[in-house]
Amino acid sequence: MFHLLSRHLPAVLRINPKLALFTLLATAASGFGQTFFVSFFGGEIRQAFELTHTAYGCLYSGATLCSALLLLRFGGLVDTWTLPRVTALALGILVGGCLLIGFAPGALVLAAGFICIRFGGQGMISHIGMTTAARYFAAHRGRAVALAAMGFPLAEAVLPAGAALFMVWGGWRMPWIVGAGLLCLLILPVLRALSHGAPPPHEIASKTHSEAKPGQDRSRFSRRDVLRDPGYYLILPATLLTPFTVTALFFHQMAFADELGWTLELLATGFSVYAACHLGALFVAGPFVDRLGAARALPLTLIPIISGLLLLASIPSPLVLFAYLGAVGATQGLSATASGAIWAERYGILHLGAIRSMNQAVMVVSTAASPILLGFFLDRQVEVATLALGLAGCAVLAAMLARLGAWLEGRGARTQRPNP
């Protein structure tokens with residue numbers, strides 16, 4: 001794995017090592033607002049505030065939807081503010097959310113804390129990291145986005161273990177207070193130092209104006225222009241498919257385990273396979289996307305998850321868990337890279353923050369709805385095999401639509417290219 005890293009990523013690190021590391025650390029910092037970290041405290045928080053499962057779920061889902069609306073409104077600041085300034089804003093909100101949760105006297109303050117960590121962490125700071133990778137590394141955009149995306153599994157590996165350690169010393173509130181201190185005293189100064197001197201977004205957009213395809217100048221598309229582009233609606237389902245499916249599958253993983261005979265030990269081992277495949281896919285995703293282009297690569301990134309879901313539906317052995325989760329992890333890494341690069345490739349970088357935040361908000365809403373939708377079918381005794389086939393069918397349809405969008409894009413470029 002180190003060999004792959006040294007082979008594929010030095011180009012990004014040579015171009016601008018400070019900003020490359022900035023993207024990695026920014027996405028890693030978002031872990032304090034991600035579900036995998038918050039869920040670690042679920043039992044203690046419910047007990048402390050006497051919340052039922054339903055009340056706790058509604059509280060968290062409501063905060064997530066609020067953060068999506070806030071991101072839709074303020075995500076465009078990445079296009080107009082300097083990188084150090086917008087980074088300070090996002091981390092300030094995240095720090096405030098951690099403190100609100102750590103000192104919350106009641107459920108209302110807890111809800112405010114959830115809104116802040118979801119908006120500042122899962123929303124803004126991850127949005128800043130991925131947008132920076134796509135904006136400042138045009139020549140190696142796939143590799144840069146893949147490097148930024150590695151911050152997510154890095155946080156998954158480090159933060160829960162650190163939280164468990166501090167919970168032993170000071171209960172469930174201590175990790176949030178310590179996290180706020182870490183973000184404020186260490187992460188924020190480092191990120192500001194790494195982003196110091198980064199050219200303003202409008203300067204980068206002017207320099208890369210030549211990226212536009214001949215006869216198809218979308219390099220300065222605004223959010224309104226994107227919404228009028230029919231190709232956008234062909235590509236969108238493929239960018240949403242992976243987070244939608246993964247959230248639904250993981251949220252109801254215990255229901256799957258009960259029906260298919262997966263033990264907790266087997267499930268834990270399976271998630272180790274998932275994490276390894278997720279990280280491994282990120283090492284190859286950057287060169288893959290740079291070579292093919294994000295538009296052509298995106299439909300292909302869904303092949304592993306389609307294969308894994310078909311295996312889950314057709315093989316009754318509990319051991320299929322490893323192939324299924326490994327395939328899901330591979331698509332997670334590949335799709336995140338292609339999805340992170342495609343909007344800059346298609347619409348340029350002048351309004352990239354506004355465009356990405358719009359899609360991020362749609363993604364958050366879809367991931368909030370997917371557990372409810374799958375739960376509806378599980379409550380009606382629909383078998384796991386049937387659900388897996390249905391999700392695989394949705395993935396195939398999304399891939400076909402994305403391929404059609406890429407084909408129409410290429411065809412339009414050929415027909416509109418001026419004669420020499």
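Okay, so let's go over this structure. All figures in this text were calculated on a predicted structure; none of them were measured in a lab. (Residues numbered from 1 in each chain as written. Predicted model: local features only at pLDDT ≥ 70, side-chain atom pairs only at ≥ 80, totals over all residues. Heavy atoms only, no water.)

What about empty space enclosed by the protein?
Quick note on the threshold: In the cavity and pocket records, a cavity denotes points on a 1 Å grid over the protein atoms alone where a 1.4 Å probe fits but cannot get out, a pocket denotes an open set with protein on both sides within 12 Å along at least 5 of 7 lines, and lining residues are residues with an atom within 4 Å of a point. Grid points are joined across faces, edges and corners, and a volume is the space filled by probe spheres set on the points. Helical segments are the DSSP runs of H or I of at least four residues, strand segments are the runs of E of at least two, and each set is numbered from the N terminus. Note on residue classes: Ala, Val, Leu, Ile, Met, Phe, Trp, Tyr, Cys and Pro are nonpolar, Asp, Glu, Lys and Arg are charged, and everything else, Gly too, is polar.
Scanning the model with the defined rule gives three cavities of 30 Å³ or more in all. The calculated volume of the second largest cavity comes to roughly 40 Å³. Around the second largest cavity, the lining residues are Val78, Trp81, Thr82, Leu83, Val86, Arg135, Tyr136 and Pro201. Put simply, the parts of the chain that give the lining of the second largest cavity at least two residues each are helix 8 (83-102) and helix 9 (107-136). When its residues are assigned to classes, the lining of the second largest cavity shows six nonpolar, one polar and one charged.

Some remarks on the layout of surface pockets
In this model, the second largest pocket occupies a volume close to 320 Å³. Forming the boundary of the second largest pocket are 17 residues, of which Phe32, Val158, Leu159, Leu182 and Ile187 lie nearest the centre. Looking at which element gives the most residues to the lining of the second largest pocket, the answer is helix 11 (residues 151-170), with seven residues. When the residues that make up the lining of the second largest pocket are grouped by side-chain class, the tally is 15 nonpolar, two polar and no charged.

What about a nonpolar patch on the surface?
Selection rule: A patch consists of residues exposed above 30% relative accessible area that lack any salt bridge, with like charges linked at up to 9 Å and nonpolar side chains (Val, Leu, Ile, Met, Phe, Trp, Tyr) linked at up to 5 Å. Every accessible area reported is derived by Shrake-Rupley at a probe size of 1.4 Å, with residue values counting cover from the shown protein chains alone. Salt bridges are counted wherever a side-chain nitrogen of Lys or Arg sits within 4 Å of a carboxyl oxygen of Asp or Glu. Buried, partly exposed and exposed residues are distinguished by accessible area as a fraction of the type maximum, computed with a 1.4 Å probe on protein chains only: under 20%, between the cut-offs, and over 50%, respectively.
Taken together, Leu165, Val168 and Trp169 make up a surface patch of nonpolar side chains, about 390 Å² in accessible area. Here Leu165 lies in helix 11. On the accessibility criterion, Leu165 (44% relative accessible area) is partly exposed.

Considering the side chain of Ser126
The line we're drawing: Here a residue-residue contact requires only that any non-hydrogen atoms of the pair lie within 4.5 Å.
Structurally, Ser126 is set in helix 9. The contacts of Ser126, once residues within four sequence positions are left out, are Thr27, Ser30, Gly121, Phe152 and Gln360.

Notes on helix 11
At 3.6 residues per turn, the α-helix brings residues three or four places apart onto the same side. Let me state the cut-off plainly: How far a helix is expected to stretch is found by multiplying one less than its residue total by 1.5 Å.
Taking 1.5 Å of rise per residue, the 20 residues of helix 11 would be expected to cover 28 Å, and the 27 Å separating its terminal C-alpha atoms lies within 8% of that figure. Buried within helix 11 we find Gly151, Pro153, Ala155, Leu159, Pro160, Ala163 and Met167. The secondary structure elements touched by the buried residues of helix 11 are helix 3 (17-29), helix 4 (35-38), helix 5 (42-49), helix 10 (141-149), helix 12 (173-195) and helix 17 (264-292).

Focus on the packing of aromatic side chains
What counts, and what does not: By convention, a stacked pair of Phe, Tyr or Trp rings (six-membered ring in the case of Trp) has centres within 6.5 Å and planes under 30 degrees apart, an edge-to-face pair has planes over 60 apart, and any other such pair is tilted.
Here the structure, examined in full by the defined rule, presents 18 aromatic pairs. When the centroid spacing of 6.4 Å and the interplanar angle of 55 degrees are considered together, the rings of Phe74 and Phe119 count as tilted. Here Phe74 is found in helix 6 (residues 53-74), whereas its partner Phe119 is found in helix 9, with 45 residues between them in sequence. Residue classification places Phe74 among the partly exposed positions, given a relative accessible area of 33%. On the basis of relative accessible area, Phe119 is assigned to the buried category, the value being 9%.

Quick notes on helix 10
Burial analysis of helix 10 places nine of its nine residues in the buried class, the great majority of the element. Taken together, the buried positions of helix 10 are Arg141, Gly142, Arg143, Ala144, Val145, Ala146, Leu147, Ala148 and Ala149.

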